[in-house]
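Structure at a glance
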Amino acid sequence: MTERNKTEFVWQRTLFFCALSALILLFRQLPVSAAEETPKVQGDYSGTLGSLHVKLHIVAAADGRLSGTLDSPDQGSVGIPCADFEIHGTALAFSVPAVKGSWRGAIEANGESLAGTWTQASPMPLKFSRDSFVPAKKPSPVDGYWLGTLQTSGQSLRIQLSVKSDIQGQEFCALDSLDQAAFNLPCANVSYSGSDLSFDVPTVLGRWRGKLSADENSLAGTWTQQAPAPLTFVRQIAPQRPPPPRQISYDPAMAPVDAAGIQAVLERDLGQALKTGLLSQADSIGVTVGVLRDGKRRVFAFGAAQPNSIFEIGSITKTFTGLVLAQLIAQGKVTATEPVREFLPAGLITKPQGAEITLFDLVTQHSGLPRMPDNFNPSDPENPYADYRADDLYKFLAKRGVEAHKDAGFLYSNLGVGLLGQALSNRANMSYARLVGEEVTVPLQMRDTVVEMPADKAPRFIQGHSADLKSGKPWDLDALAGAGGLRSTADDMLTYLAANLHPEQLAKSCKAKPSCTLTQAIRDSHVLRDSAGAEMRIAFAWLYDPATGAYWHNGGTGGYSSFAFFNPKADYAAVILLNMAAGAKGSFADTLGTHVRQRLAGQAAIALAEW
């Protein structure tokens, strides 16, 4: 799956703030208008952007200068620097360079609220209200900072808990996963009675239940997410703060590289990683790279991988699910505006009174559905999706409902696209594996792209590894296969990307459906449909960056990560397949994929030396 699915403390993130967190810039503090020497807006504010909670922290210096940061708690992003503050009377404006966003509006009720518009790819209303938290005069016994270690699947994760109580005696808390650089995840349903403390962390579908020790210096309990695990917290004098933003360095630009020359360029640019870094471990970690330019393709590998190695591609699967939808639309079998409820077993899901979630909402990540269902409780944390069946999915939907939330914004959801895959499979009366085969991989002759690994291909299925280099199990997806169930090779993925670059060529050799509808389906799947945050747009699952002209998607499972892109105007594409999950440093597949795109474009390329 994208955005950083893990078999342990799963931080389900979207591609809004977190995918750009490594690019955070140092903020600039600009003076405010002299007419407003003491702004009334300093302090903490909260707001809601679509379905995302946003926190704004404004600081006023003695000379009247404003500075601040923005948090996206639902996505585990904290401390994103704001810049360019301007205040004139009741008018206020600022920018957030790291996500290429800006806010402009008015100060209301003497600074108690800020009403305005957030602009990234498109404007959205965003009103902030002042955080009215008033701390208790006497802290409760559980107030303070706590640190624990979560042991799962052979990996240790440091978990930090911050607890505070207000003047009414209500407890509040937030959770940090220090080793995964996920901070300020808000708690919900916090309850403290006697010595019993409990809270939920909706962002990651987790919960903790335990007791305060007699000496009030430890909290012993159980963290439940994918599976129950003991988690004891010890009181700390002070919290551990987020590290400063990682500084990004770049290799100098060079002339645009062609397919024949890219391997030699990467051998040079990856020099450190090949000698003493990540790819020097030739018995474990490897990456396969596929590049296509002007119709010429190259596939090569570094480290433990071979050019024909098979990898899990994770959430790149979503683009295949989007193409399946486009295929069925082109064949007149479905329409994008049909409610997903009509694709599910009759009588299980109640028809809502208002608007319903449609197939279009699911494929564009605007369904309002959470990243994962709250009844996701795998029996095997190392293969977490294997026992999440269609009945489990239907039970979640029966409880949640399928009403379309008004103004649902972009919210990356494995659940949503997994549901789309299940819905289309229901309509076709076949498994997702067979459906994606009939509609996409068989017509494109992608013989190594499969959901279920056949025996004759198994020897080429490279061993996956966690971010700390522990060998892991493959992930087998059932009801949510459409969100991340495919395995593939770099050569097969180049075939897929070539079809996306030149769908018109498919029409020359088609003989019958579904191959004869692929040209139209691929074209339709590229049409930009909605905003995807950070000035990005989304088509049928493919994300699009107007600044580069590239469609792209990444993926990650418990032991693999991947990155693919194609640029129709420049006629190039590439895929990166790695047998290691993303970690606290981020995704090497994403970094290498960005580096390759920049080399193809003749731009300065993000440096690979630290890997």
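Going along each chain's sequence as written, the residues are numbered from 1 onward. With pLDDT at 70 or above as the cut-off, local features in this predicted model cover only qualifying residues; side-chain atom pairs require 80 or more to be listed or tallied, and sums for whole chains, interfaces and linings still use all residues. Side-chain metrics in this entry use all non-hydrogen atoms of the structure; hydrogen atoms and water are not considered.

1. Let's talk about the nonpolar core
To define a nonpolar core, start from buried Ala, Val, Leu, Ile, Met, Phe, Trp, Tyr and Cys residues and group those joined through side-chain atoms within 4.5 Å. Only protein chains enter the accessibility calculation, which uses a 1.4 Å probe; a residue is then buried when its area is under 20% of its type maximum, exposed when over 50%, and partly exposed in between. If you look at the biggest cluster of nonpolar residues, it comprises 76 residues, and the most contacted ones within it are Phe320, Leu424 and Tyr496. Labels follow the DSSP assignment, with helices taken as runs of H or I lasting at least four residues and strands as runs of E lasting at least two, numbered in each case from the N terminus. By residue number, the principal contributor to this core is helix α9 (residues 490-501), which donates seven residues. Those residues within four positions of Leu424 in sequence are excluded, and the remaining contacts are Thr321, Val324, Leu325, Leu328, Phe343, Leu359 and Leu435. Of all hydrophobic cores here, the second largest spans 35 residues; its members include Ala273, Met536, Ile538 and Ala589. Residue contacts follow a heavy-atom distance rule, with two residues in contact if any of their heavy atoms lie within 4.5 Å.

2. Focus on the state of the cysteines
Our working definition of a disulfide is a cysteine sulfur pair at a distance within 2.5 Å. Tallied over the entire structure, the rule returns one disulfide. Each sulfur of the disulfide joining Cys173 and Cys187 lies 2.0 Å from the other. On the sign convention where negative means left-handed, the S-S torsion of about -115° between Cys173 and Cys187 marks this disulfide as left-handed. Taken together, the residues Cys173 in strand β12 (residues 171-177) and Cys187 in the loop between β13 (182-186) and β14 (188-193) connect sequence positions 14 residues apart. In this structure Cys173 comes out as buried when scored by relative accessible area, which is 11%. Judged by its relative accessible area of 16%, Cys187 is buried.

3. Re the pattern of salt bridges
We count a salt bridge whenever a side-chain nitrogen from Lys or Arg sits within 4 Å of a carboxyl oxygen from Asp or Glu. Under the definition given, this model contains 19 salt bridges. Its salt-bridge partner being Asp200, residue Arg209 comes within 3.1 Å of it at the nearest N-O pair. With relative accessibility at 18%, the residue Asp200 sits in the buried group. Residues Lys457 and Asp448 are paired through a salt bridge, measuring 3.0 Å at the closest nitrogen-oxygen approach. Owing to a relative accessible area of 11%, Lys457 belongs among the buried residues under this scheme.

4. Some remarks on helix α3 (residues 317-330)
Expected helix span is given by 1.5 Å per residue-to-residue step, counting one fewer step than there are residues. When the terminal C-alpha atoms of α3 are compared, their 20 Å separation across 14 residues agrees well with the 20 Å that a helix rising 1.5 Å per residue should span. For α3, a buried count of 12 out of 14 residues is recorded, marking the element as mostly surrounded by other parts of the structure. Burial in α3 covers these residues: Thr317, Lys318, Thr319, Phe320, Thr321, Gly322, Leu323, Val324, Leu325, Ala326, Gln327 and Leu328. Of the residues one or two after α3, Gly332 is the one with positive phi, at around 75°.

5. Digging into the sheet that holds strand β30 (residues 561-567)
DSSP calls a pair of strands paired once it identifies at least 2 bridges connecting them. Read across the sheet, eight strands follow the order β21-β20-β31-β30-β29-β28-β27-β26 without closing on themselves; strand pairing throughout is antiparallel. Only two strands of the sheet have a single partner each, and these edge strands are β21 (296-303) and β26 (530-531).

6. With respect to the packing of aromatic side chains
Side-chain rings of Phe, Tyr and Trp (the six-membered ring for Trp) are treated as a pair once their centres are within 6.5 Å; stacked means planes under 30 degrees apart, edge-to-face means over 60, and tilted covers the remaining angles. The final tally for this structure, using the stated rule, is 20 aromatic pairs. Among the aromatic residues, those joined into a cluster by ring pairs are Phe320, Tyr496, Trp542, Tyr544, Tyr551 and Phe566. The ring centre of Phe343 lies 3.8 Å from the NZ or CZ of Arg427, which sits over that ring. Lysine NZ or arginine CZ positioned within 6 Å of the ring centre and within 35 degrees of the ring normal marks a charge as sitting over the ring.

7. Remarks on unusual backbone geometry
Excluding glycine, residues mostly carry a negative phi; peptide bonds, for their part, are mostly trans. The phi dihedral of Asn110 falls on the positive side, at around 55°, and the residue is not glycine. Mapping Asn110 onto the fold places it in the loop between β7 (101-108) and β8 (113-119). Residues other than glycine seldom take positive phi values, yet Gln365 does so here, at roughly 60°. In this structure, Gln365 sits in the loop between α4 (359-363) and α5 (390-400). Accessibility expressed as a relative area gives 5% for Gln365, which makes it buried.

8. Concerning the environment of Thr117
Within the element layout of this structure, Thr117 appears in strand β8. If we skip the residues at most four places from it in the chain, Thr117 touches Ser102, Trp103, Arg104, Pro123, Met124, Pro125 and Leu126.

9. So, the pairing of β8
Looking at chain direction, β7 and β8 are connected through seven bridges and run antiparallel. Bridging from a neighbouring strand, Ile107 pairs with Leu114 of β8. In this sheet, strand β9 (residues 123-130) lies alongside β8 in antiparallel orientation, the contact comprising seven bridges. If you follow Gly116 over to β9, its bridge partner there is Leu126.

Spatial relationships are all this shows, so hold off on functional conclusions.
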